[in-house]
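Here are the chains, one letter per residue:
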Amino acid sequence: MTSAGSAEVVRVTGQGAGPQAARLLHRAREARLAGERTPAVPRAEIDASWDRAVRCGVDPDQSPESELLEADEIEHRRHSTALGELMPLLRAGLASIADAARQIMVVTDAEGRVLWRQGNAGVLRRAHDICLEEGAAWSEAATGTNAIGTALVDRVPVQVHSAEHFIRALHQWTCAAAPVRDPRDGRLLGIVDISGPASTFHPATLALVDSVARLAEGELRTRHLAEIERLRSVAAPILCRVGGRALAVDVHGRLAAVTGMAPVDRLPLPKSLRPGRVWLPSLGMCQVDPLPGGWLVRVGEGPAEDVPRRVVLDLSRPRTPAVHLTGPLGNRTQRLSPRHAELLFALAAHRDGRTAAELARDLFGDAGRTVTVRAEISRLRRRLAEVLAHRPYRFADGVEVEVVHPDHGADLLPHSMAPVVAEARRAARAT
């Protein structure tokens, strides 16, 4: 605890700072719940977490209970995460220490659901009373401020002690948690946590948990490099026989080997990739074949002859806009959201292309709304990447575009407020 003048704020750690600090922390929490101001506030990360818990409507007097996942769902999640491969390391690094310290190790997935727990038998029994058990939800939205949930939000190691917990039933507990990320893409895999009675608090626990989480990430990195090396050894003789441009990538699109083109760190792949001819936005039409642990991607040479050559934007039915694509591989039709219909209409009206600011004016009458435009274009290109180009945003060269209007000009996207559509309706009425 640090003291200051009456006009200044007192920040309280709540972690072994003595009875006075603990009392101040309790007062700060009660004042926050009552909507009152107090000269004492908790650490910044706890203060922010309390605010989130209040906004989420978490009841500070609620029991920390949640609907547990079914056993088969827990097993499915265990086998669906790379954390399962790391459990021997986590048990060796934390579980035995937790047992000796009268604490338990808890491992959750990226949603805060407890998948594993291990440690002191007596504490495991006590943990049952606060629903700290397999299948339980420990996100902030479910359980308020706690090390697991707050680490999920902040993506950094967090220690929460005693009255720093938002729910009163957790004030007799202390916990320290650290996130574990996939070193390949930075994606959060889950949380590693040590929890126990408040009397078992130690300031070094957070550093211990964080160190083991970093060791786990290092183990994943080592395994990934070994998998890439195995894939490279399989792909190298194949690439020697392949003419033209080709890549070997793992199932996540990470490069193992390449021939005939500049290497890339990662090739974006569709979520459901199958062997055969596939359009990849960054490469065009490709032939994809399976390899042990990855894919062989052969890139088509010259113009992509299988790219759809004709796009029909069908706005004839006001409530069901659609786009039809026609090319050598056949025809396909996609329904459009109202916003995507507006975007394609604007691009069809300006075949030379539009910048994000120009599209923002077309759609919202406000050139400053470029963030929204870029987000919508990104979603649209995931569906129509083979016919849309960017810098500027436009239909790709060589693609024929036709817009099918409704019988009456006033029925053109009748609910749209986009200036580019409103102008087209006014022009139709004038003719």
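Treat the numbers as computed from the prediction; the structure is a model and nothing was measured. (Residues numbered from 1 in each chain as written. Predicted model: local features only at pLDDT ≥ 70, side-chain atom pairs only at ≥ 80, totals over all residues. Heavy atoms only, no water.)

Observations regarding the overall build of the protein chain
Inference 1: When helices and strands are counted, the protein chain shows 12 helices and 18 strands.
Inference 2: Since a compact globule built from 431 residues should have a radius of gyration of about 22 Å, the 28 Å found for the protein chain marks it as more spread out than a globular shape.
Inference 3: Put simply, the protein chain has 431 residues, and 47% of those count as buried.
Inference 4: For the protein chain, the proportion of contacts with a sequence separation of at least 24, taken over those separated by at least 6, is 55%.
Inference 5: Accessible surface for the protein chain amounts to roughly 21100 Å². Of this, 51% is attributable to carbon and sulfur atoms.
Inference 6: With 56 positive and 52 negative side-chain charges, the protein chain shows a separation of 3 Å between the mean positions of the two kinds. (Helix = DSSP H or I, 4+ residues; strand = E, 2+ residues; numbered from the N terminus. Rg over C-alpha atoms; globule rule 2.2 N^0.38 Å. Buried < 20%, exposed > 50% of the residue type's maximum accessible area, 1.4 Å probe, protein only. Contact = heavy atoms within 4.5 Å. Areas by Shrake-Rupley, 256 points an atom, 1.4 Å probe, with all protein chains shown as cover. Lys, Arg positive; Asp, Glu negative; His and termini not counted. Charge placed at Lys NZ, Arg CZ, Asp CG, Glu CD.)

Remarks on the pairing of strand 7 (residues 188–197)
Inference 1: For strand 7, the tally of buried residues reaches 10 of 10 residues, placing the bulk of the element in the interior.
Inference 2: Note that strand 3 (residues 104–109) and strand 7 share six bridges and pair antiparallel. Paired with M105 across the two strands is I194, which belongs to strand 7.
Inference 3: Counting the residues that bridge the hairpin from strand 6 (residues 173–181) to strand 7 gives six residues, and of these G186 lies at a positive phi of roughly 75°. (Pairing = 2+ DSSP bridges.)

What to know about the packing of helix 9 (residues 338–349) against helix 12 (residues 419–430)
A packed helix pair is summarised by two numbers, namely the angle formed by the two axes and the spacing between the axes.
Inference 1: Relative orientation of the contacting elements helix 9 and helix 12 amounts to 65°, with a least axis distance of 9 Å. By the criterion of interaxial angle, the relationship of helix 9 to helix 12 is roughly perpendicular. Judged by the twist between their axes, the crossing of helix 9 over helix 12 is left-handed. Of helix 12, the residues touching helix 9 (which contributes E342, F345 and A346) are V420, V421 and A424. (Axes fitted to C-alpha atoms, helices over the stretch in contact; angles between N-to-C directions. Parallel < 35°, antiparallel > 145°, perpendicular 65-115°, else oblique. Left-handed = near helix turned anticlockwise from the far one by under 90°.)

Here we look at the sheet that holds strand 9 (residues 255–259)
Inference 1: In space, the five strands of this open sheet follow the order 9-8-12-11-10, with antiparallel pairing throughout. Of all strands in the sheet, those with a lone pairing partner are strand 9 and strand 10 (276–280), marking the two edges. Strand-to-strand, the axes of this sheet are offset by a mean angle of 25°, without reference to chain direction.
Inference 2: Of the strands in this sheet, strand 8 (245–250), strand 9, strand 11 (284–291) and strand 12 (294–299) are in contact with helix 8 (residues 205–241), which crosses strand 9 at around 25°.

A closer look at the packing of aromatic side chains
Inference 1: Applying the stated criterion across every chain yields a total of zero aromatic pairs.
Inference 2: Stacked on the ring of F364, the Lys or Arg R369 has its end atom at 3.9 Å from the ring centre. (Phe/Tyr/Trp six-rings, centres within 6.5 Å; stacked < 30°, edge-to-face > 60°. Lys NZ or Arg CZ within 6 Å of the ring centre and 35° of its normal.)

Considering the sheet that holds strand 7
Inference 1: As summarised here, the arrangement of the five strands in space is 4-3-7-6-5, forming an open sheet in which the pairing is antiparallel. Both outer strands of the open sheet, strand 4 (114–119) and strand 5 (158–161), are each paired with one neighbouring strand and no more. The mean inter-strand angle of the sheet, taken between neighbouring strand axes irrespective of direction, is 15°.
Inference 2: In this sheet, strand 6 lies alongside strand 5 in antiparallel orientation, the contact comprising four bridges. Bridging from a neighbouring strand, V158 pairs with A177 of strand 6.
Inference 3: Seen against the sheet, helix 5 (residues 121–129) touches strand 3, strand 4, strand 6 and strand 7 and runs at an angle of roughly 140° to strand 4.

Let's talk about unusual backbone geometry
Inference 1: Phi at R102 takes a positive value of approximately 60°, unusual for a residue other than glycine.
Inference 2: Looking at where R102 falls in the secondary structure, it is placed in the loop between helix 4 (83–100) and strand 3.
Inference 3: Despite not being glycine, S162 shows a phi value in the positive range, around 50°.
Inference 4: Inspection of the secondary structure puts S162 in the loop between strand 5 and strand 6.

Some thoughts on the pattern of salt bridges
Inference 1: Applying the stated criterion across every chain, the model contains 27 salt bridges.
Inference 2: Residues R43 and E164 are paired through a salt bridge, measuring 2.9 Å at the closest nitrogen-oxygen approach. Of this pair, R43 sits in the loop between strand 2 (40–42) and helix 2 (44–56) while E164 sits in the loop between strand 5 and strand 6, and the two are 121 residues apart along the sequence.
Inference 3: Owing to a relative accessible area of 16%, R43 belongs among the buried residues under this scheme.
Inference 4: Measuring nitrogen to oxygen at the nearest pair gives 3.6 Å for the salt bridge that ties D182 to R187.
Inference 5: Assessed through its relative accessible area of 2%, D182 is described here as buried.
Inference 6: In this structure, a network of salt bridges that share partners links the residues E73, R77, D109 and E111. (Salt bridge = Lys/Arg side-chain N within 4 Å of Asp/Glu carboxyl O.)

With respect to the environment of H405
Inference 1: You can see H405 is positioned in the loop between strand 18 (400–404) and helix 12.
Inference 2: For H405, a relative accessible area of 43% translates into the label partly exposed.
Inference 3: When the C-alpha atoms of H405 and R317 are compared, they prove to be 8.4 Å apart, with 88 residues separating the residues in sequence.
Inference 4: Contacts of H405, omitting those with residues within four sequence positions, involve L315, S316, F345 and L412.

As for the environment of W50
Inference 1: Relative to the helices and strands, W50 is located in helix 2.
Inference 2: For W50, a relative accessible area of 1% translates into the label buried.
Inference 3: Along the primary structure W50 and T145 are separated by 95 residues, whereas in three dimensions their C-alpha atoms are 6.3 Å apart.
Inference 4: With sequence-adjacent residues up to four places away left out, W50 is seen in contact with L25, A28, R29, R32, P42, T145, A163, E164, H165 and F166.
Inference 5: Separated by 2.9 Å, the side chain of W50 and the backbone oxygen of E164 make a polar contact. (Polar contact = N/O pair within 3.5 Å; in protein donor to acceptor, adjacent residues only side chain to side chain.)

Some remarks on helix 9
Inference 1: The end-to-end C-alpha distance of helix 9, which contains 12 residues, comes to 17 Å, matching closely the 16 Å that a straight helix rising 1.5 Å per residue would cover.
Inference 2: In terms of residue burial, helix 9 counts as a mostly covered element, since nine of its 12 residues are buried.
Inference 3: Along helix 9, the residues classified as buried are H340, A341, E342, L343, L344, F345, A346, L347 and A348. (Expected span 1.5 Å × (residues − 1).)

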